[in-house]
Amino acid sequence: MIQIAIDGPGGAGKSTISKGVAAKLGIVYVDTGALYRTVGYYVRNKEIDPHDRDAVGAILPEISIEVAYVDGAQHVFLNGEDLGDKIRTPEMSMYASAVSAIPSVRAFLLETQKEIARKNSVIMDGRDIGTVILPNADLKVYLTASAECRAKRRYDELIAKGQSVRFEDVLREMNERDTQDSTREIAPAQAAEDAILLDNTGLNLEESIDAIIALVREKTDFFAN
Ligand code: DC
């Protein structure tokens with residue numbers, strides 16, 4: 001069993017890179033942001049203010065979240081419905097960020113995340129994986145890149161999905177979200193003390209994946225047996 005924690009701000013390429021590493025190592029990729037997005041989606045549908053701690057806390061008992069893996073792809077079910085790409089919009093990013101600052105939401109999602117890591121060898125990405133979810137991970141990486149580079153990647157991703165967005169808006173929203181995520185009281189997005197910082201501003205996808213595989217080789221005994 002191996003546990004790899006990947007944290008970092010939006011647009012650093014955490015999910016694409018982690019997916020690639022998971023495929024190469026034959027382990028499970030867990031996208032924890034999708035869980036916060038799912039709660040955000042439900043809150044949005046209920047027309048609740050995502051910053052209203054009491055109102056959001058009150059509806060958590062109505063939510064059942066299940067996670068399944070099909071051919072390496074993660075599917076998140078909200079009360080039985082596979083949400084697919086509905087949670088991948090800029091609006092859902094903001095809802096996810098807002099609800100993720102609420103302690104009862106983090107507590108609600110904690111066990112789901114820990115349980116997946118107990119049952120599988122995982123590479124898990126998020127904001128508090130190395131600090132809270134997997135404090136004893138075999139390898140912790142804090143993945144980042146310049147703000148412009150991260151916004152450009154996010155912009156390209158959204159355009160490829162057919163969403164009409166402006167680069168300036170993507171950059172502004174990304175900076176707002178980073179500030180909100182890294183300055184919240186609970187589990188702020190930050191590198192664990194023992195995390196290795198990887199700035200992939202100048203690296204493409206393959207190079208980023210290889211950089212992490214090299215760290216797995218160097219820092220863990222995954223390839224030893
Ligand atoms: O990784 P992402 O963009 O899908 O995450 C959406 C939001 O969820 C992000 O703005 C902050 C929050 N999040 C978090 O607080 N902790 C995590 N482990 C993952 C995501």
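The preceding data block contains the structure.
What counts, and at which threshold
- Residues numbered from 1 in each chain as written.
- Predicted model: local features only at pLDDT ≥ 70, side-chain atom pairs only at ≥ 80, totals over all residues.
- Heavy atoms only, no water.
- Near = heavy atom within 4 Å.
- Polar contact = N/O pair within 3.5 Å; in protein donor to acceptor, adjacent residues only side chain to side chain.
- Areas by Shrake-Rupley, 256 points an atom, 1.4 Å probe, with all protein chains shown as cover.
- Helix = DSSP H or I, 4+ residues; strand = E, 2+ residues; numbered from the N terminus.
- Nonpolar A, V, L, I, M, F, W, Y, C, P; charged D, E, K, R; others polar.
- Buried < 20%, exposed > 50% of the residue type's maximum accessible area, 1.4 Å probe, protein only.
- Pairing = 2+ DSSP bridges.
- Contact = heavy atoms within 4.5 Å.
- Axes fitted to C-alpha atoms, helices over the stretch in contact; angles between N-to-C directions.
- Salt bridge = Lys/Arg side-chain N within 4 Å of Asp/Glu carboxyl O.

**A few points about the site of the ligand**
Taken together, the neighbourhood of the ligand is formed by 15 residues, with Arg 37, Arg 106, Arg 177, Asp 181 and Arg 184 sitting nearest. For the ligand, an oxygen atom lies 3.4 Å from a polar atom in the side chain of Ser 100. One nitrogen or oxygen atom from the side chain of Arg 184 is found 2.8 Å from an oxygen atom belonging to the ligand. For the ligand, whose unbound accessible area comes to 440 Å², protein coverage reaches 97%. Taken together, the elements giving at least two residues each to the shell around the ligand come down to helix 2 (33-45), helix 4 (90-100) and helix 8 (167-183). Grouping the constituent residues of the shell around the ligand by class yields three nonpolar, five polar and seven charged.

**As for the pairing of strand 4 (residues 73-78)**
Burial of the side chains of strand 4 is restricted to one face: Gln 74, Val 76 and Leu 78 are buried, whereas none of Ala 73, His 75 and Phe 77 on the reverse face is. In the sheet, strand 3 (residues 65-70) pairs with strand 4 via six bridges, with the strands oriented antiparallel. Bridged to Tyr 69 within strand 4 is Gln 74. Counting the residues in the hairpin turn of strand 3 and strand 4 gives two residues, including Asp 71, whose phi is positive at 50°. Of the strand pairs in this sheet, strand 4 and strand 5 (residues 81-82) are connected by two bridges, and their pairing is antiparallel. The residue of strand 5 that forms the bridge with Leu 78 is Glu 81. Connecting the antiparallel pair strand 4 and strand 5 is a turn made up of two residues, with Asn 79 showing a positive phi of about 45°.

**What to know about the sheet that holds strand 3**
The strand order across the open sheet formed by three strands is 3-4-5, and the pairing between neighbours is antiparallel. Where the open sheet ends on each side, the last strands, each with one partner, are strand 3 and strand 5. In the packing of helix 2 onto the sheet, contacts are made with strand 3 and strand 4, and the angle to strand 4 comes to roughly 30°.

**Observations concerning the pattern of salt bridges**
Summed over all chains, the structure comprises 20 salt bridges. A salt bridge links Asp 128 to Arg 106, with the nearest nitrogen and oxygen atoms 3.0 Å apart. Here the residue Asp 128 occupies a position in the loop between strand 6 (122-126) and helix 6 (129-133), and Arg 106 occupies one in helix 5 (residues 103-119), the gap between them amounting to 22 residues. Judged by its relative accessible area of 2%, Asp 128 falls in the buried class. Its relative accessible area of 8% is what places Arg 106 among the buried residues. The partner of Asp 194 in a salt bridge is Lys 140, with the nearest N and O atoms 3.0 Å apart.

**Remarks on the environment of Leu 215**
Within the fold, Leu 215 resides in helix 9 (residues 205-219). On the basis of relative accessible area, Leu 215 is assigned to the buried category, the value being 11%. For the pair Leu 215 and Asp 169, spaced 46 residues apart in sequence, the C-alpha to C-alpha distance is 35 Å. Not counting residues within four places of it along the chain, the set of residues in contact with Leu 215 comprises Leu 139, Val 141, Ile 196 and Thr 220.

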